[in-house]
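Each chain, letter by letter, is given below.
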Amino acid sequence: MHLLITGGTGLIGRHLIPRLLQLGQQVSVVTRDVAAAREKLDPRVACWSGLAQQQDLNGVDGVINLAGEPIADKRWTAEQKQLLCESRWQITERLVSLIHASSQPPKFLISGSATGFYGDTGDLVLTEDDPGHEEFTHTLCARWEQLALAAQSDRTRVCLLRTGVVLAKEGGALAKMKLPFRLGVGGPIGSGKQYLPWIHIDDLVNAVWWLIDNPLQGPFNLVSPYAVRNEQFAATLGQVMHRPAFMRTPASAIRLMMGESAVLVLGGQHVLPKRLEESGFGFRWYDLQEALQDTAA
């Protein structure tokens, strides 16, 4: 297949693309900086300089839409919120427009989202059937999903990736989590009772291929079947890194540093991958300690 990927140089894309190439797929990546992308990606990957010059997506068998400004890197000013939204919404809208303009449209659109769709929902156990809690992350993801679903037709199916915290050896949220532990000041954040939905990068990549390779559609929670509370995650990470894990960071300090975006670490979701498991997908990484030993040790 010829697969078109946006956000291909991000954490997920950097792990997904080698797997797709290994499976014999032809991969093209949409990028704003072709030269930089070529330095990071396998030379077999073709680079498209944006989508403005494209009239349709004829010849593309499937689209994987992972583009979006990192959500936790900066405080959520009005300008940053707008950037977070536009970086996701605009490219998704453009992809859908090109799909509709195609006489032979891609067979599928697999489009990013996040467990942030549900908002901060405390101890509620959530599946794909549950609505979101009204707050910024829900607004961001709900609109993102709505735009992607506009591509759905009898010739193009749409899958939505409600991804949790991705555990990978380099980059992503785990790299930021590991730093205070290395310095000996790691520990729970706030109450520590908030749930942290996580997934090993290998399971995420396998899940994306599962969605490509099976006639599935709709939202899918890309999370381990066993979410943990923040305090359990911190204790396990400290154990794996052989570092102390008792320095609790007060919620007030987090709010002072992060402002409104503090909800990303002080809030949480107890999310289950119901639809993935019902479809027959098998997870490799169930146990948090094993997953962290593989990615953080």
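Residues numbered from 1 in each chain as written. Predicted model: local features only at pLDDT ≥ 70, side-chain atom pairs only at ≥ 80, totals over all residues. Heavy atoms only, no water.

A. Broad picture of the nonpolar core. Counting residues in hydrophobic clusters, the biggest one holds 38 residues, and the most contacted among them are Leu20, Ile212 and Leu222. Listing elements by their share of this core, those giving two or more residues are strand S1 (2-6), helix H1 (11-22), strand S2 (26-31), helix H2 (34-40), strand S5 (108-114), strand S7 (157-163), helix H6 (201-213) and strand S11 (218-222). For this core, the element with the highest residue contribution is H6, accounting for eight residues. Residues contacting Ile212, with those up to four places away along its chain left out, are Met1, Leu3, Leu20, Ile64, Phe108, Ile110 and Arg157. (Core = buried A, V, L, I, M, F, W, Y, C linked by side-chain atoms within 4.5 Å. Buried < 20%, exposed > 50% of the residue type's maximum accessible area, 1.4 Å probe, protein only. Helix = DSSP H or I, 4+ residues; strand = E, 2+ residues; numbered from the N terminus. Contact = heavy atoms within 4.5 Å.)

B. Quick look at the environment of Glu79. Mapped onto the elements, Glu79 comes out in helix H3 (residues 78-100). A relative accessible area of 58% places Glu79 in the exposed class. Remark: the alpha-carbon pair of Glu79 and Glu170, spanning 91 residues in sequence, is separated by 29 Å.

C. Geometry of the side chain of Ser111. Here Ser111 lies in strand S5. Among all residues touching Ser111, those that are not within four sequence positions of it are Asn65, Thr92, Trp144, Ala148, Cys159, Leu160 and Leu161.

D. Geometry of the sheet that holds S2. Pairing is parallel across the open sheet formed by seven strands, whose spatial order is S3-S2-S1-S4-S5-S7-S11. Strand pairing shows two members of the sheet lacking a second neighbour, strand S3 (46-49) and S11, which therefore form its edges. Adjacent strand axes in the sheet meet at a mean angle of 20° when their direction is disregarded. In terms of strand pairing, S1 meets S2 through five bridges, oriented parallel. The residue of S2 that forms the bridge with Ile5 is Val29. Across the sheet, H1 touches S1, S2 and strand S4 (62-65), and the angle it forms with S2 is around 155°. Helix H4 (residues 136-149) rests against S4, S5 and S7 of the sheet, and its axis sits at about 175° to S5. (Pairing = 2+ DSSP bridges. Axes fitted to C-alpha atoms, helices over the stretch in contact; angles between N-to-C directions.)

E. Examining the pairing of S3 more closely. One ladder, built from four bridges, connects S2 with S3; its direction is parallel. What sits directly across from Ser28, in S3, is Ala46. In the classification by handedness, the crossover that spans S2, the intervening H2 and the parallel S3 is right-handed. (Right-handed = clockwise from strand over helix to strand, strands pointing away.)

F. Quick look at the side chain of Thr121. As for its placement among the helices and strands, Thr121 is situated in the loop between S5 and strand S6 (125-126). Once you skip the residues sitting within four places of it in the chain, Thr121 turns out to touch Leu126, His133, Gly268 and Gln269.

G. Structural view of the pattern of salt bridges. A full pass over the atoms with the stated rule returns eight salt bridges. Two residues, Lys176 and Asp73, come together in a salt bridge whose shortest N-O distance is 2.5 Å. Of the two residues, Lys176 is situated in helix H5 (residues 172-182) and Asp73 in the loop between S4 and H3; the sequence distance between them amounts to 103 residues. Here Asp73 falls in the partly exposed class, since its relative accessible area comes to 49%. The salt bridge partner of Lys193 is Glu231, with a shortest N-O separation of 3.0 Å. Of this pair, Lys193 sits in the loop between H5 and strand S9 (195-196) while Glu231 sits in helix H7 (residues 230-241); the two residues are 38 residues apart in sequence, bridging distant segments of the chain. Of the residues examined, Lys193 reaches a relative accessible area of 44% and is grouped as partly exposed. For Glu231, a relative accessible area of 26% corresponds to the partly exposed category. (Salt bridge = Lys/Arg side-chain N within 4 Å of Asp/Glu carboxyl O.)

H. How the structure looks around the packing of H1 against H6. Running from N to C, H1 and H6 cross one another at 60°; their axes reach a closest spacing of 10 Å. Taken together, the axis directions place H1 and H6 in an arrangement best described as oblique. As for the relative orientation of H1 and H6, their crossing is right-handed in sense. Every residue of H6 that contacts H1 at Leu11, Ile12, His15, Leu16, Arg19 and Leu20 is listed here: Ile201, Leu204, Val205, Asn206, Val208, Trp209 and Ile212. Here the contact of H1 with H6 is built from residues that sort into 10 nonpolar, two polar and one charged. (Parallel < 35°, antiparallel > 145°, perpendicular 65-115°, else oblique. Left-handed = near helix turned anticlockwise from the far one by under 90°. Nonpolar A, V, L, I, M, F, W, Y, C, P; charged D, E, K, R; others polar.)

I. Expanded view of the pairing of S1. Burial analysis of S1 places five of its five residues in the buried class, which makes it a mostly covered element. Across the two faces of S1 the burial is the same, with His2, Leu4 and Thr6 and Leu3 and Ile5 all buried. As defined by bridge partners, S1 adjoins S4 across four bridges and the pair is classed as parallel. Its bridge partner being in S4, Thr6 is matched across the sheet by Asn65.

J. Structural context of a nonpolar patch on the surface. A contiguous nonpolar surface patch, about 520 Å² in accessible area, is contributed by Leu179, Leu183, Val185, Phe246 and Met247. Position of Met247 among the secondary structure elements: in the loop between H7 and helix H8 (251-258). A relative accessible area of 37% places Met247 in the partly exposed class. (Patch = residues over 30% accessible without salt bridge, like charges linked within 9 Å, V, L, I, M, F, W, Y side chains within 5 Å. Areas by Shrake-Rupley, 256 points an atom, 1.4 Å probe, with all protein chains shown as cover.)

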